[in-house]
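Single-letter residue listing:
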Amino acid sequence: MIKIRNLHANVEGKEILRGINLDVNAGEVHAIMGPNGSGKSTLANVLAGHEAYEVTEGEVIFEGKNLLDLAPEDRAREGLFLAFQYPIEIPGISNTSFLQTALNEIRKYKGLPEYSAKEFLDLIKAKAVVLNMNPSLLSRPVNQGFSGGEKKRNEILQMLILNPKLAVLDETDSGLDIDALKIVSKGVNVFRSNKNAVILVTHYQRLLDYIVPDFVHVLYRGKIVKSGTKDLALELEEKGYEWLTKAELPVENV
Amino acid sequence: MNEEQKSDDMKVVEDLTNSEYKWGFVSDIEEEEFPIGLNEDVIRKISAKKKEPEWMTEWRLKAYKHWLTLTEPKWPKVKYPEVNFQDIRYFAAPKKKPEYESLDEVDPELVATFEKLGIPIEEQKTLAGVAVDAVFDSVSVATTFRETLSEKGIIFCPISEAIQNHPDLVKKYLGSIVPYTDNFYASLNAAVFSDGSFAYIPKGVRCPMELSTYFRINAMNSGQFERTLIIADEGSYVSYLEGCTAPMRDENQLHAAVVELIALDNAGIKYSTVQNWYPGNKEGKGGIYNFVTKRGLCKTNAKISWTQVETGSAVTWKYPSCILQGDNSVGEFYSVAVTNNYQQADTGTKMIHLGKNTRSTIISKGISAGRSDNSYRGLVKVGKNADNARNFSQCDSMLMGNKCGAHTFPYIEVNNNTAIVEHEATTSKISDDQIFYLNQRGISTEDAVNMIVNGFCKEVFKKLPMEFAVEAQKLLAISLEGSVG
């Protein structure tokens, strides 16, 4: 699915990613954890192509293509989806018409026929049910006046509609109460299949109780310092990050 | 984003920024032209050409004499080189006298021109149910649906015809809302107006279709001076659409139209405009000067609604206004004004509350891109007898890039302490994060900008008749091409 090799990236001239290596295969869920400022969100944004992040070194191969050569919209059309940590409000554009445009752009790119308004409406209503979403949110302007939880749910709704190959969820669990967390997790679990993959960026082990990852990686100061299975997350919960970062520091020569 | 990616993006931006006015073409219809310049003889000649009665000629001459005493207004926030009024040709009409029974007889070149504009008359006829009084340069060429309308007693014709066939109505109302003494450009228009539309809706009649007129400037150096007069008699209703595009031109062209609306007791007039005169090229060369006076009068319980989408012209100076004379009358102004490159727009409205319980709403959306300047200028005036007058104004500006300007000049004069006047204003910028969010969902930057801008203008677009709203969105997209990079 995606191969990340020695990825380095700067924000405003400061190096944040310092050589990330990661392979994600179809059917896998990878959780990326780590303390604040370790570069988790940077990694998500670099993959999506945010222009504030400058890639200085390395390579990302996504489904056989050089991801870094693609414009952000083409990355999306190729099947890369980012669930934003802070979803943006777009006044005046209804959630439904925005998503219909997005889906049809992606379908056009793939040479598939576009959805009519009617077909799309049926699709979005069906997906909204999965997420217990209030139907009024579909006709409201994108994210405008949505609560924090509604915004996150809306991100997952978009993921279900656009049905990407790789979904990168950037702290989708932050700011969610336990009920919302369960619903969002359900959405992700419905999405999971052996044809797609998920990268979960999170602070908390709690999310991993509901979305069980195949692999857990710890990101620290722009590098993956430890990888393991779900048990690693439990260990982190118990011990915090300090034991890892201390142990790794000399080795990594940070 | 790597360097290669960046330079690709730059190229796309450059390509888009280099795109020229898409509808800039000149059609080759022969024109009959007047000598350049203005004097009494020219005015008499215009009047004679149009076989006008003596009273009309006299009115024009009075306007001309008054105009000579006036100077050009300098208060709008726009800059442009001095206009030499003796350097303008004041009348131009297609040479082939067009008196056709059907479109087949119309000069095919002209039909092709309309098709290029995307407004084929035939389609308009069959599909949209819109009666089109198409003003091609100065003389009306095709008038349709007149029969359907006349069954209801509705008169819809070129104003030159109305002067001959309905002199009583014209005499009574022409200049009654915008007198020839009103302002510099209104005086000039009164003296030299070439043609325009006239509509009269009789008592209690609801006009069964949208009336529309398309204007087009096509004669080198010929100023366009349209004159429109719409009278909605008691209890009647009409929706009128005005739209225009103009061919590309290097010299500046003057356009000074006058529109007068009269809504008698319990009548309603909805006047919608999509304006796309040639805005000049990327360096600010050329383009139309659009100095327009539009005003409506509301009698008791009457309503006038102005909706405008302004994307064109190098310089725009335009304030569609309502005089709310009758009690309980309502005035509305919904406006989207887009400026790009070196365009300048100073536009807004005047709501004059004279009657009791009068209400007005002003929604203005200004979008500035490139090095353009976009000003909202509005007056809300409440007279001393206008008990319980209410106004709500909302003026929002959106900036694209950091070389453009947006300005708001609200004037409020309240002489009655029962009045409630509210004014809200915002200024926003399209954020990179909004664009990135849409990009990440597979939407290109160009489409993302259009989407955001359309969202910003939605309140106004939804006031437009459907087919006009679609056209307006297309125009906005074209006008803003390459403005975000």
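Reading the values: rules and limits
Residues numbered from 1 in each chain as written. Chains lettered and ligands numbered in written order. Predicted model: local features only at pLDDT ≥ 70, side-chain atom pairs only at ≥ 80, totals over all residues. Heavy atoms only, no water. Helix = DSSP H or I, 4+ residues; strand = E, 2+ residues; numbered from the N terminus. Buried < 20%, exposed > 50% of the residue type's maximum accessible area, 1.4 Å probe, protein only. Contact = heavy atoms within 4.5 Å. Areas by Shrake-Rupley, 256 points an atom, 1.4 Å probe, with all protein chains shown as cover. Rg over C-alpha atoms; globule rule 2.2 N^0.38 Å. Lys, Arg positive; Asp, Glu negative; His and termini not counted. Charge placed at Lys NZ, Arg CZ, Asp CG, Glu CD. Pairing = 2+ DSSP bridges. Buried area = accessible area lost by both parts, 1.4 Å probe. Salt bridge = Lys/Arg side-chain N within 4 Å of Asp/Glu carboxyl O. Polar contact = N/O pair within 3.5 Å; in protein donor to acceptor, adjacent residues only side chain to side chain. Phe/Tyr/Trp six-rings, centres within 6.5 Å; stacked < 30°, edge-to-face > 60°. Axes fitted to C-alpha atoms, helices over the stretch in contact; angles between N-to-C directions. Left-handed = near helix turned anticlockwise from the far one by under 90°. Nonpolar A, V, L, I, M, F, W, Y, C, P; charged D, E, K, R; others polar. pLDDT = per-residue confidence, 0-100.

Undergrad: Teacher, can you tell me more about the overall build of chain B here?
TA: Assigned secondary structure in chain B consists of 12 helices and 24 strands. The 485 residues of chain B split such that 61% are buried. Intrachain contacts of chain B at a sequence separation of at least 6 include 84% that bridge at least 24 residues. Of the roughly 18,600 Å² that chain B leaves accessible, carbon and sulfur atoms contribute 48%.

Undergrad: I tried to follow the overall build of chain A on my own but got confused; where do I start?
TA: Within chain A, the secondary structure is distributed over 10 helices and 12 strands. Over its C-alpha atoms chain A spans a radius of gyration of 18 Å, differing by no more than 12% from the 18 Å that the globule rule assigns to 254 residues. Over its C-alpha atoms, taken along the principal directions, chain A stretches across nearly 60 × 40 × 35 Å. Every one of the 254 residues in chain A was classed for burial, and the buried ones make up 55%. A separation threshold of at least 6 residues defines the contact pool for chain A, and within that pool the share at least 24 residues apart is 69%. Surface summary for chain A: the accessible area is close to 10,600 Å², and the carbon and sulfur share equals 49%. A gap of 4 Å separates the mean positions of the 30 positive and 34 negative side-chain charges of chain A.

Undergrad: What is the right way to look at the sheet that holds strand β4 (residues 53–62) of chain A in this model?
TA: Strand pairing in a sheet is mediated by backbone hydrogen bonds. Such pairs are either parallel or antiparallel. Across the sheet, which stays open at both edges, the 4 strands sit in the order β2-β1-β4-β5 (chain A) with antiparallel pairing between neighbours. Looking at strand neighbours, the two that pair on one side only are β2 (14–24) and β5 (65–66) of chain A, the edges of this open sheet.

Undergrad: Is there a simple way to explain the interface of chain A and chain B in this structure?
TA: Frequently, the measure chosen for interface size is the accessible area removed from exposure when the parts meet. The interface is formed by 39 residues belonging to chain A together with 22 residues belonging to chain B. Buried surface at the junction of chain A and chain B, both sides included, amounts to about 2,600 Å², of which 58% is carbon and sulfur. Between the two partners, chain A and chain B, sit 1 salt bridge. For R441 of chain B, the salt bridge identified is with E155 of chain A, shortest N-O distance 2.6 Å. For the pair chain A and chain B, the interface holds 12 residue pairs in polar contact (both at pLDDT 80 or more).

Undergrad: Help me understand the packing of aromatic side chains in this model?
TA: Within a pair of aromatic rings, the relevant descriptors are the distance that separates the centres and the angle that separates the planes. Counted under the stated rule, the structure contains 22 aromatic pairs over all chains. Ring geometry for F84 of chain A versus F436 of chain B: centroids 5.8 Å apart, planes at 75 degrees, classification edge-to-face. Of the two residues, F84 of chain A is situated in the loop between β6 (80–83) and β7 (90–94) and F436 of chain B in helix α10 (residues 432–439); the pairing between them involves two chains. With a relative accessible area of 9%, F84 of chain A lands in the buried category. Ring plane angle 50 degrees and centroid distance 4.9 Å describe the contact between F84 of chain A and Y437 of chain B, whose orientation is recorded as tilted. With one member in each of two chains, F84 of chain A in the loop between β6 and β7 and Y437 of chain B in helix α10 form a pair that bridges those chains. Grouping residues by exposure puts F84 of chain A and Y437 of chain B together as buried.

Undergrad: Would you explain the pattern of salt bridges in this entry?
TA: A pair can form between side chains of opposite charge whenever their charged atoms are brought close. All names here are of chain A. Here the structure, examined in full by the defined rule, presents 24 salt bridges over all chains. Here K239 ties to E235 by a salt bridge, and the two come within 3.0 Å at their closest N and O atoms. Residue K239 and its partner E235 are both found in helix α9 (residues 230–239); the two are separated by 4 residues, about one turn of the helix. Overall, K239 belongs to the partly exposed group, its relative accessible area being 45%. On the accessibility criterion, E235 (29% relative accessible area) is partly exposed. What you see here is one network of salt bridges that share partners, running through D74, R77, E105 and K108.

Undergrad: What is the right way to read the packing of helix α3 (residues 95–109) of chain A against helix α6 (residues 148–162) of chain A from this model?
TA: Residue and element names in this part refer to chain A. Close contact between α3 and α6 brings their axes to 10 Å; oriented N to C, the two are set at 35 degrees. Helix-helix and strand crossings are classified by hand; for α3 and α6 the assignment is right-handed. Where α3 abuts α6, its residues N95, F98, L99, A102, L103 and I106 lie against N154, L157, Q158, I161 and L162. A class-by-class count of the residues in the contact of α3 with α6 yields 8 nonpolar, 3 polar and no charged.

Undergrad: Explanation requested: α10 of chain B in the structure shown.
TA: Think of an α-helix as 3.6 residues a turn; residues three or four steps apart then line up on the same face. Within α10 of chain B, 6 of the 8 residues are buried, which leaves it mostly tucked inside the rest of the structure. Within the sequence span of α10 of chain B, burial applies to Q434, I435, F436, Y437, L438 and N439 of chain B.

Undergrad: Help me understand the confidence of the model for chain B, please; the structure alone is not making it clear to me.
TA: Caution applies to low-pLDDT parts of the model: their predicted coordinates are not meant to be read in detail. Residue and element names in this part refer to chain B. Model confidence for chain B is summarised by a mean pLDDT of 80, while 76% of its residues fall at 70 or above. Every residue in residues 214–222 is under pLDDT 50, and counting partners more than four places away or in other chains gives 62 contacts. Interface confidence for the predicted complex, expressed as ipTM, amounts to 0.94; the pTM equals 0.79.

Undergrad: Before we go on, may I ask you to explain the sheet that holds strand β10 (residues 197–201) of chain A in this structure?
TA: All names here are of chain A. Read across the open sheet, the 6 strands follow the order β6-β9-β10-β3-β11-β12; overall the sheet is mixed. On the outer flanks of this sheet lie β6 and β12 (223–228), each paired with one strand and no other. Recorded for the sheet is a direction-independent mean angle of 20 degrees between the axes of neighbouring strands. When β6 meets strand β9 (residues 166–170), the two strands line up parallel, connected through 4 bridges. What sits directly across from A83, in β9, is L169. Set on the sheet, α6 makes contact with β6 and β9; between it and β6 the angle comes to about 165 degrees. Along the sheet, α9 contacts β3 (29–33), β11 (215–220) and β12; its crossing angle with β11, the most-contacted strand, is approximately 45 degrees.

Undergrad: Hey, could you run me through unusual backbone geometry in this one?
TA: Comment: phi is negative for the bulk of residues other than glycine, and the bulk of peptide bonds are trans. Residues and elements named next belong to chain A. We note that N6 has phi near 50 degrees; this positive angle belongs to a residue other than glycine. Here N6 shows up in strand β1 (residues 2–11). Looking at N6, the relative accessible area reads 31%, which means it is partly exposed. Backbone geometry places E63, a non-glycine residue, at a positive phi of 50 degrees. Structurally, E63 is set in the loop between β4 and β5.

Undergrad: Explain the pairing of strand β22 (residues 390–399) of chain B here, please?
TA: Each regular strand displays side chains that alternate between the two surfaces of the sheet. Residue and element names in this part refer to chain B. Burial runs high along β22: 8 of the 10 residues are buried. Taken together, the 10 bridges between strand β20 (residues 359–368) and β22 define a ladder with parallel strand orientation. Bridging across to β22, S360 finds its partner in N391.

Undergrad: For this particular structure, what's the right way to read the environment of F156 of chain B?
TA: With respect to the element layout, F156 of chain B can be found in strand β5 (residues 155–158). Sequence spacing of F156 of chain B and L264 of chain B is 108 residues, and the spatial spacing of their C-alpha atoms is 18 Å.

Undergrad: Please clarify how the pairing of strand β17 (residues 330–339) of chain B should be interpreted in this entry.
TA: Residues and elements named next belong to chain B. Burial runs high along β17: 10 of the 10 residues are buried. Here strand β14 (residues 303–310) pairs with β17 via 8 bridges, running parallel. Within β17, the position partnered with I304 by the bridge is G331. Summarising the sheet, β17 and β20 pair through 10 bridges and their orientation is parallel. Within the sheet, the bridge partner assigned to V336 lies in β20 and is K365.

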